[in-house]
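Okay, here's what each chain looks like letter by letter:
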Amino acid sequence: MDAYYTLAQLRAAAADAIRAPSLHNTQPWRFRLRDGGIEVLVDPSRRLPATDPNGWGIRIAAGAALFNLRLALAAAETPAAVRLRPYPAEPDVVARLVPDRPRRCTPIEQALYAAIPRRFSNRAPFQPDPVPADARWRLTEAARAEECWLELLIGTSAVNAFAEIARGAHHVLERNPSYRAERERWVHHDEAPDGVPATAGGPPFEPQDLLPARAFGGRERAPGRDFEPEPLVAVLGGPGNTAVDQVIAGQALQRTLLTATDAGLSVSMLSQPIEVPTAREQLRLSLGRYGTPQMVMRVGYGQPGWPTPRREIDEVLDLTVPQL
Ligand SMILES: Cc1cc2nc3c(=O)[nH]c(=O)nc-3n(C[C@H](O)[C@H](O)[C@H](O)COP(=O)(O)O)c2cc1C
């Protein structure tokens, strides 16, 4: 068993890690090699002050990147043992990965790894077809495998109650000029390596819509191309809301998203009710589950689309750390 990872292994795995989702595609992560371990850090300089005042979003994104990194190392048959927040004095380091006992990559890991380049946020309306029971089961198991829970809202009244909470949160956020300015600054109409390309934004929110989509500059919808009338809404949560809980939730989010991709499903995320504390509390109470909701997803069968851009690997590798 190798006692350490190399720079080449870090580079290869980081190329998969950066495909993770992040708020407004800010990509708030860094990776480094220290004493033979790969370390994942949040990049506080890329936190959105108005949208993410407490750093929840950067830790979810770093957790999602960490899950991809774990998969990449497992797929290369150099699996990792992971320690979360290994240094109390360095809270930006969210995880340290050291080589674990070598083993074959499992079929599930292989399938999830293959889904990394195919996953993207699909904000367009989905087909009205329901998501079958076996796919629902796979999604809830994916969250559970990463120590979180996934609550699928069943029935019109549960979805309507959620929609009311989400719309309330959306309006609270939209009343804040700094929040709006932040979102507008991160929508791009050119080939920028970060931010949300306007082509990936869904159609703007209209009064008949049940769920409040964040406005990312998408084109007006064609007549009759409304959102699916009975969306599958999934709330991901975990036992608590510490920094470690959020990194764990980020891993569970990515496992759930990749499982959806592998099952031929599309997902868009909807985090306004997580970002507004009163809405998050209402959501928590409405679910009657222990712990804290960390993300909401709309799941269904979508049209094909394209992955969004990412920055170059060299921009997210920290090579200044002294090595052994
Ligand atoms: C913490 C977090 C919150 C997000 N919230 C939303 C949201 O409210 N609405 C939305 O459309 N996308 C949301 N996203 C998705 C990001 O906008 C998306 O991941 C990013 O633009 C990169 O695009 P990709 O998912 O296609 O790779 C969120 C992602 C994360 C990690």
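What you are looking at is a predicted structure, and each value in this text was computed from that prediction instead of being measured.

Here we take up the domain arrangement of the protein. When its domains are assigned, the protein resolves into domain 1 (7-118) and domain 2 (133-300). A separation of 21 Å is found between the C-alpha centroids of domain 1 and domain 2. Facing 29 residues of domain 1, the contacting portion of domain 2 comprises 29 residues. At the level of secondary structure, the elements contributing two or more residues to the side of domain 1 that touches domain 2 comprise helix 2 (56-75), strand 4 (93-99) and helix 3 (107-115). Among the elements that line the side of domain 1 that touches domain 2, the one with the most residues is helix 2, at 10 residues.

Helix length check: helix 4 (residues 133-145), at 13 residues, gives a terminal C-alpha distance of 18 Å against a target of 18 Å (1.5 Å per residue), a fit within 8%. Of the residues making up helix 4, those classed as buried are Leu139, Ala142 and Ala143. Buried positions in helix 4, seen along its axis, are confined to an arc of 95 degrees and lie on one side of it. Set apart from the buried face of helix 4 by more than 90 degrees, the exposed residues are Ala133, Asp134 and Trp137. Elements that come into contact with the buried residues of helix 4 comprise strand 5 (149-152), strand 8 (232-238) and helix 7 (243-262).

This part takes up the site of the ligand. Surrounding the ligand, one finds 20 residues, the nearest of these being Pro21, Asn25, Phe120, Ser121 and Ser271. When contributions to the shell around the ligand are tallied by element, the ones reaching two or more residues are helix 2 and strand 9 (266-269). By residue number, the principal contributor to the shell around the ligand is helix 2, which donates three residues. Of the residues belonging to the shell around the ligand, the class tally is nine nonpolar, nine polar and two charged. Each of domain 1 (7-118) and domain 2 (133-300) accounts for three or more of the residues forming the shell around the ligand.

Okay, the environment of Thr292 next. With respect to the helices and strands, Thr292 occurs in strand 10 (residues 292-300). Residues within four places of Thr292 in sequence aside, it is in contact with Gly237, Gly238, Gly240, Asn241 and Arg284.

What counts and how
Residues numbered from 1 in each chain as written. Predicted model: local features only at pLDDT ≥ 70, side-chain atom pairs only at ≥ 80, totals over all residues. Domains from an automatic or database assignment. Contact = placed C-beta atoms within 7 Å. Helix = DSSP H or I, 4+ residues; strand = E, 2+ residues; numbered from the N terminus. Expected span 1.5 Å × (residues − 1). Buried ≥ 20, exposed ≤ 12 C-beta atoms within 10 Å, placed from the backbone. Arc of directions from axis to C-beta. Near = placed C-beta within 6 Å. Nonpolar A, V, L, I, M, F, W, Y, C, P; charged D, E, K, R; others polar.

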